[in-house]
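# Architecture at a glance
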Amino acid sequence: MDNYKKSTGVIPEIAPIRNYDYEVACGAINDKKTYPQEFEINERYLGFLKDQEYFNCCVGCVMSSLAEIFELIEQYEDLEKIPEVEWKKIIADRDSVEFSEFWAYGALRTNYEGEGMFVSDAVKNWSEKGILPTKFFNLREEVPDILEEVKKFPNLYETAKNYKTKSYVSLNYALEEKKDLAIKEALTKYKHGLLGVSDKYFGGSHCIMVVGWNDKTNKYKIKNSWGKDWGDEHGVGEIPKHKLNDVYLILDKELQIPFKDVQKVDWFYKAVKNMYFANLMKGVDETHFEPTRNINRAEMAALIHRIVIMVEERVNLLIKLSQEKGSLSKDFKIPALLVENRNLPFTDVDSKAWYYEDIKAIYSLNLIKGISDTLFAPEDNLTRAELATLCVRLYSLIVNRFNEILENSNGKKLKEDNMGDTKEFTDVSKDSWYYNYIKTCCSLELMTGTGDNIFEPENNTTRAEVATILNRLMKCIDGKSNETRSLL
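My aim in this report is to walk through the structure given alongside it, one point at a time. The residue numbering used here restarts from 1 in each chain and proceeds along that chain's sequence as written. Since the coordinates come from a predicted model, pLDDT governs what is reported: local features require at least 70, and pairs of side-chain atoms require 80 or more to be given and counted, while whole-chain, interface and lining totals use all residues. Computation of side-chain values covers all heavy atoms of the structure but excludes hydrogens and water.

### Side note on the packing of aromatic side chains
We call Phe, Tyr and Trp rings a pair once their centres come within 6.5 Å, taking the six-membered ring for Trp, and we label the pair stacked below 30 degrees between planes, edge-to-face above 60, and tilted otherwise. Tallied over the entire structure, the rule returns 25 aromatic pairs. Seen from their ring centres, Tyr-168 and Tyr-248 are 6.3 Å apart, and the 65 degrees between their planes marks the pair as edge-to-face. Placement of the pair is Tyr-168 in strand β2 (residues 167-170) and Tyr-248 in strand β7 (residues 247-251), with a sequence separation of 80 residues. Among the aromatic residues, ring-to-ring pairing joins Tyr-20, Phe-259, Tyr-276, Phe-277 and Phe-289 into one connected group. Seen from the ring of Phe-376, Arg-297 lies directly overhead, with NZ or CZ sitting 4.3 Å from the centre. Under the scheme used here, helices are H or I runs from DSSP no shorter than 4 residues and strands are E runs no shorter than 2 residues, and both carry numbers assigned from the N terminus. Whether a charge sits over a ring comes down to the Lys NZ or Arg CZ being within 6 Å of the ring centre and within 35 degrees of the ring normal.

This is the structure we're talking about:
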């Protein structure tokens, strides 16, 4: 092939807010711990050498390599203890443990039919749909052909569910030192590689497996999917540390929340798990969440402030990446959200209180008001009407922020929301200050009534209810963020 070149295949995106945080999910990152200057995982934990050739299936290559490692560990546990003669027999029988990068490429995507893949979609779908050994699916095609091929085998989706990953966490910290420590901790603790993305080093956004580091050269060791044309015999080489962008730890075990009072059978379990591991909500102590405890106005202010900070990080990254691509003018600027531009008029919010900065931040953004001109009532329980109001205001603020970027790039706006149930509640008067907020919140399917045509706006909200509703809101916001992918 005269114009043969190795392909890449990651579609740039802004990471979802609900990504699990490594430090929360896997334990604190110890900045006092020392690591060797150079490290590389054992070659038996690399999976087979992949060659994606001119196909844009690098994400599938990394996922299939990791699937091979998980399958080997399941069958043989500690791979390093297998005698060399037996190991050679195992890998010689490649069909029994090799996984298909092209099944992953065709099946593990969401609402995108172009070449390449979104990593966040791929790892999420792997945990829900599973992947396939090559013995079940050995076709090699580019999009759109591969999409049609996987559709021909609906029965294989059931087989793939036997090979689902259990969880994944993000190691994407703003501080490079913390990110580096997280990568080192994950590699040494779990032994297998990490799914990584390099936006520019390979001439395009490219998925690779992070397998070690070399502090002497300030580089990470990575396994590539370019066959024998890159790196050593296993496809392993080095790239500068600053060229590694997104990093995910894929785990073949389910993460367990530490709370004794939150069980899998609880209706709020998944929401609490998502909000906790995403570092958006915490427990009242290390082992208790207290799901039935009412949440107060100060606590809610802290939660909303945390969400605003995380969204703002993604907005700034979206602007930066859009300007680098040229889809947004380098002159474009958007006023920062979190600035100290408003004094608190509340006599009951002490400047030394733990919640002072949280209340000040979201009050400055007009997300919350006091119960009077001079009182905030931080210890008062939050009502359902107040929760609906906060959700709608926050949602509108974020959508408007994304729209300002889109309008200055391609002149488009985010899609109109598909409004859900807009029925009237007998206990929500049209004359009440919260009528429109409750109506909008329910139409966005963030909240529902508590019974037939009843909303109970003045009732208190529990921590479980807040976790559930904010989890829905974050899913909504992630969906809006995905609509800006055209800029990247």
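Having seen it, we continue.
### As for the pairing of strand β6 (residues 236-240)
Most of β6 sits out of view: 4 of its 5 residues are buried. Across 5 bridges, strand β5 (residues 219-223) lies against β6 in antiparallel orientation. Pairing of Tyr-220 across the sheet is with Ile-239, part of β6. Partly exposed describes any residue whose relative accessible area lies between the buried limit of under 20% and the exposed limit of over 50%, with all areas from a 1.4 Å probe on protein chains only and scaled to the type maximum. Here, any two strands with at least 2 DSSP bridges between them count as paired.

### Some details on a negative patch on the surface
Here a patch means residues that are over 30% exposed by relative accessible area and free of salt bridges, tied together within 9 Å if like-charged and within 5 Å if nonpolar (Val, Leu, Ile, Met, Phe, Trp, Tyr). The protein chains shown are the only cover counted for residues, whose accessible areas, like all others here, come from Shrake-Rupley with a 1.4 Å probe. Put simply, a salt bridge is a Lys or Arg side-chain nitrogen that is within 4 Å of an Asp or Glu carboxyl oxygen. When charges are counted, Lys and Arg contribute as positive and Asp and Glu as negative, whereas His and the chain ends are disregarded. Where a charge sits is defined by one atom per residue type, namely NZ (Lys), CZ (Arg), CG (Asp) or CD (Glu). Together, Glu-40, Glu-43, Asp-232 and Glu-233 give the surface a local cluster of negative charge. Counting through the fold element by element, Asp-232 comes out in the loop between β5 and β6. Taking relative accessible area as the criterion, Asp-232 reaches 33% and is therefore assigned partly exposed.

### Considering the pairing of β2
Of the two faces of β2, the one holding Ser-167 and Val-169 and the one holding Tyr-168 and Ser-170 are both buried throughout. Note: β2 against β7, 4 bridges, orientation antiparallel. When the bridges of β7 are listed, Ser-170 appears paired with Tyr-248.

### A closer look at the pattern of salt bridges
Following the criterion strictly, the structure yields 39 salt bridges and no others. Across the pair Arg-44 and Glu-84 runs a salt bridge whose closest N-O atoms are separated by 2.8 Å. Within this pair, whereas Arg-44 is found in the loop between β1 (38-40) and α2 (58-76), its partner Glu-84 is found in helix α3 (residues 84-92), the two being separated by 40 residues in sequence. The class of Glu-84 is partly exposed, set by a relative accessible area of 45%. One salt bridge connects Lys-200 with Glu-324, and the closest N-O pair in it is separated by 3.2 Å.

### Examining the packing of α2 against helix α5 (residues 119-129)
Angles shown run from 0 to 180 degrees and are taken between the N-to-C directions of axes, each axis being a line fitted to C-alpha atoms and, for helices, limited to the stretch in contact. One way to put it is that α2 packs onto α5 with a least axis distance of 11 Å and a crossing angle of 30 degrees. Here α2 lies roughly parallel to α5, going by the angle between them. Where α2 crosses over α5, the handedness of that crossing is right-handed. Between α2 and α5, the residues in contact are Val-59, Met-63, Leu-66, Ala-67 and Phe-70 and Val-119, Ala-122, Val-123 and Trp-126, respectively. Here the term charged refers only to Asp, Glu, Lys and Arg, the term nonpolar to Ala, Val, Leu, Ile, Met, Phe, Trp, Tyr, Cys and Pro, and the term polar to all other amino acids, Gly among them. For the contact of α2 with α5, a count of residues per class yields 9 nonpolar, no polar and no charged. We call two directions roughly parallel when the angle between them is under 35 degrees, roughly antiparallel when it is over 145, roughly perpendicular when it lies between 65 and 115, and oblique otherwise. Helix crossings get a hand from a simple test, with the near helix turned counterclockwise from the far one by less than a right angle marking a left-handed crossing and a clockwise turn marking a right-handed one. Here, two residues are considered to be in contact whenever any of their heavy atoms come within 4.5 Å of each other.

### A short note on the nonpolar core
Residues belong to one nonpolar core when they are buried, are Ala, Val, Leu, Ile, Met, Phe, Trp, Tyr or Cys, and are joined through side-chain atoms within 4.5 Å. Formed by 165 residues in total, the largest nonpolar core has its most connected members in Tyr-22, Leu-171, Leu-195, Leu-249, Met-300 and Leu-470. Not counting the four nearest positions on each side in its chain, Leu-171 is found in contact with Tyr-22, Lys-179, Ala-182, Ile-183, Ala-186, Leu-194, Val-247, Tyr-248 and Leu-249.

### Details of α5
Summarising burial for α5: 8 of the 11 residues are buried, a large majority. Buried within α5 we find Val-119, Ser-120, Asp-121, Ala-122, Val-123, Asn-125, Trp-126 and Ser-127. Those residues of α5 hidden inside the fold are in contact with α2, β2, β3 (194-198) and β7. Gly-130 lies just past α5 and shows a positive phi near 90 degrees.

### Some details on the side chain of Glu-149
Topologically, Glu-149 is positioned in helix α6 (residues 145-151). Those residues in contact with Glu-149, other than ones at most four positions away along the chain, are Phe-137, Leu-139 and Glu-141.

### Details of the environment of Leu-147
Among the structural elements, Leu-147 can be located in helix α6. Distance in space between the C-alpha atoms of Leu-147 and Gln-256 is 35 Å, their sequence separation being 109 residues. If near-sequence neighbours (up to four positions away) are discounted, Leu-147 is found in contact with Gly-106, Arg-109 and Glu-113.

### So, the state of the cysteines
The disulfide criterion is simple: two cysteine sulfur atoms within 2.5 Å. Summed over all chains, the structure comprises 0 disulfides. Distance from the sulfur of Cys-58, which forms no disulfide, to the nearest cysteine sulfur (Cys-207) is 5.3 Å. Free cysteine: Cys-442, not disulfide-bonded; nearest cysteine sulfur from Cys-441 at 5.8 Å. When its relative accessible area of 6% is taken as the criterion, Cys-442 is described as buried.

### Examining helix α8 (residues 176-190)
The span expected for a helix works out to 1.5 Å for each residue beyond the first. Over its 15 residues, α8 runs 21 Å from end to end, which matches the ideal 21 Å to within 8%, given 1.5 Å per residue. For α8, the full list of buried residues reads Lys-179, Asp-180, Leu-181, Ala-182, Ile-183, Lys-184, Glu-185, Ala-186, Leu-187 and Tyr-190. For α8, the elements touching its buried residues are α1 (22-26), β1, β3, β4 (206-214), β5 and β7. One or two steps after α8, the chain reaches Lys-191, where phi turns positive at roughly 75 degrees.

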